[in-house]
Each structure stands twice: as structure tokens, then as C-alpha cells.
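Listed here are the chains, written in short residue letters.
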Amino acid sequence: MPDNVHALVTTRLGGYSQPPYDSLNLAYHVGDRAEDVEKNRSKLLSRLKLESEPCWLDQTHSVEIIRACRDNIGTKADGCYTAETGQVCVVMTADCLPVTLYNREKSRVAAIHAGWRGLASGILEKGVAQVGAENTVAWLGPAIGPKHFEVGEDVYTAFTAANAEHQKAFIKKNSGKWLADIYLLARQILKQL
């Protein structure tokens, strides 16, 4: 990516939230005190020297992707995109996969919250549609690893019924359980696009 496009992942360290949210919790939806979330977000903005408020989303494991702007802060969506210099796109994840997309030709970026539901339902396809498929670079951030992401038969079927290639991303455990490789699933989808 060029020098003017950056991807960043925070940790839970260095914030104001009290247990069990300690300490740099940036999400309102988990039950943390709103004052602590606000202080944590302000600290992040100050530390990164951001000129404008990021496009914080109310994530719902959907395939909704919106244009990042001040008017859309708090909108129910699982991704946002922009072509505006200085606009920050944000997604929050725990086990799910954060994906940053950048299109060199169109100077567009997108941040996508890609859980298994979103991946199976087309969130990466919608994200790539917003930034453009040609000359797009994808960065896959930290997520649950393939040795720990246990899913049921429903998840396996959701992917493999749509594309037999996705079978490579699953290892059978026992009694209807599978280990899924969310990174491989994302790479397979992105490669097709």
C-alpha cells in the first residue's frame, strides 16, 4: 500500500475501562460504561493524531457496507469505504477477520468486519464492489486461527454448497464439528473476485 494508506490494529491495553472490559475497549455494544468508551476513543484519536472522527459502526454480522462520513457514524453496518483523504474507516473484531481493501487506481479504501456469516453472505464481494476489483490490495488482520475456529455442520454447508473449493478450508473433527480456516475462506473469495 502507498505511504498515505495505513492499517492499524489496537489491543485491549492502555485504556480506561474496568473489568471485565479492561482496558482499551472501544465498543459500546458490550455493556461497558459509555464514559469509559468515550475516553478510550478520545485517547486513540489523540495518540494517532487523527484530524476527524473515525466512522464507528454498529456492527451486526451483516453484509451492509456504507460510505464513511460524519453523518454515518453509528450506522448498522459491517463495513465502510471512502475515497476522502483523512477519513478513517473502522471495524471492531474479536474472533472475526478484519479486512482492509485498497484500490490503487481509484484511491478508495474499505474496512470490512468479516465473520463467517458475512463471508458466506457476500460481504467481501460487496466491499470489493465499492473499491473496484482491478488493482485492489487486501490486508487480512488478526482473527481466530484455523486450529481453534470450531464450527458446526451449518457453517460447513453454507460455504461448501456455494463453492466446492471451500472444502479445503475445513478439517473434520467429530460429531458434526469442523475446524474452519477463516483466512483461507477469505483468500479463496478474494482470489475469485
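Right above here is the structure, for reference.
Read on for a plain summary of the structure. (Residues numbered from 1 in each chain as written. Predicted model: local features only at pLDDT ≥ 70, side-chain atom pairs only at ≥ 80, totals over all residues. Heavy atoms only, no water.)

**Digging into the packing of aromatic side chains**
Here is the rule we go by: Each aromatic pair joins two rings of Phe, Tyr and Trp (for Trp, the six-membered one) with centres within 6.5 Å, and gets the label stacked for planes under 30 degrees apart, edge-to-face for over 60, and tilted for any other angle. For a lysine, the NZ atom is tested; for an arginine, the CZ atom; a charge sits over a ring if that atom is within 6 Å of the ring centre and within 35 degrees of the ring normal.
In total, this model carries 4 aromatic pairs according to the counting rule given. Joined through ring pairs, the aromatic side chains of Tyr156, Phe159, Phe170 and Trp178 make up one cluster. Taking NZ or CZ as reference, Arg41 lies 4.0 Å from the ring centre of Trp56, over its face. Taking NZ or CZ as reference, Lys43 lies 5.5 Å from the ring centre of Tyr16, over its face.

**Points about the nonpolar core**
Note the following rule: Only buried Ala, Val, Leu, Ile, Met, Phe, Trp, Tyr and Cys residues count toward a nonpolar core, and they belong to the same one when joined by side-chain atoms within 4.5 Å. For every residue, the accessible area (1.4 Å probe, protein chains only) is compared with the maximum for its type, and the residue is labelled buried under 20%, exposed over 50%, or partly exposed between those bounds. A run of H or I in DSSP counts as a helix once it spans at least four residues, and a run of E counts as a strand once it spans at least two, with each numbered from the N terminus. Any two residues whose heavy atoms approach within 4.5 Å at even a single point are treated as in contact.
Grouped together as the largest cluster of nonpolar side chains are 30 residues, with contacts concentrated most on Leu101, Ile112, Leu119, Leu124 and Phe170. Of all elements in the fold, only β3 (97-103), β4 (108-114), α3 (123-131), α4 (153-160), β8 (177-180) and α5 (182-192) reach the threshold of two or more residues within this core. In this structure, Phe170 is in contact with Val151, Val155, Tyr156, Phe159, Thr160, Trp178, Leu179, Ala180 and Leu185, ignoring residues within four places of it in sequence. Judged by nonpolar contacts, the second largest core, of 12 residues, contains Val5, Ala77, Tyr102 and Ala111.

**Here's the deal with unusual backbone geometry**
Following Pro19, the chain continues to Pro20 via a peptide bond in cis, the omega torsion being 10°. If you trace the backbone, Pro20 turns up in the segment before α1 (34-48). Note the cis peptide between Asp22 and Ser23, where omega equals -5°. Tracing the chain through its elements places Ser23 in the segment before α1.

**Examining the pairing of β8**
What counts here: A pair of strands counts as paired when DSSP detects no fewer than two bridges linking them.
With 3 bridges connecting them, strand β6 (residues 150-152) and β8 associate as antiparallel partners. Of the residues in β8, the one forming a bridge with Val151 is Trp178. As judged from the 3 bridges shared by strand β7 (residues 170-172) and β8, these two strands associate in the antiparallel manner. Within β8, the residue paired with Ile171 across the bridge is Leu179. The hairpin turn running from β7 into β8, its antiparallel successor, is 4 residues long, and Ser175 in that turn takes a positive phi close to 35°.

**Considerations on α4**
Note the following rule: Taken from the helix axis, the directions to the C-beta atoms give the arc we talk about.
For α4, every residue scored as buried is listed here: Val155, Tyr156, Phe159 and Thr160. Angular distribution of buried residues about the axis of α4 spans 115°; they occupy a single face of the element. Along its buried surface, α4 packs onto α2 (116-121), β6, β7, β8 and α5.

**Examining the sheet that holds β6**
Condition: Fitted lines through C-alpha atoms serve as axes, helices being fitted only where they are in contact, and the angles separating the N-to-C directions of these axes extend from 0 to 180 degrees.
Read across the open sheet, the 3 strands follow the order β6-β8-β7; overall the sheet is antiparallel. Whereas interior strands pair on both sides, the edge strands pair on one side only; in this sheet they are β6 and β7. Averaged over neighbouring strand pairs, the angle between their axes works out to 40° when direction is ignored.

**Re the environment of Leu48**
Residue position: Leu48 is located in helix α1. Using a relative accessible area of 37% as the deciding quantity, one classes Leu48 as partly exposed. Once the C-alpha coordinates of Leu48 and Gly122 are considered, the two residues, 74 residues apart in sequence, prove to be 32 Å apart.

**So, the pattern of salt bridges**
Stated formally: The term salt bridge refers to a side-chain nitrogen of Lys or Arg lying within 4 Å of a carboxyl oxygen of Asp or Glu.
Scanning all chains against the criterion turns up 7 salt bridges. With a closest N to O distance of 3.7 Å, Arg33 and Glu35 form a salt bridge. Of the residues examined, Arg33 reaches a relative accessible area of 47% and is grouped as partly exposed. Assessed through its relative accessible area of 47%, Glu35 is described here as partly exposed. A salt bridge links Asp36 to Arg33; the nearest nitrogen and oxygen atoms lie 3.1 Å apart. Exposure remark for Asp36: the relative accessible area of 3% places this residue in the buried category. A cluster of three or more residues bridged by salt bridges with shared partners is formed by Arg33, Glu35 and Asp36.

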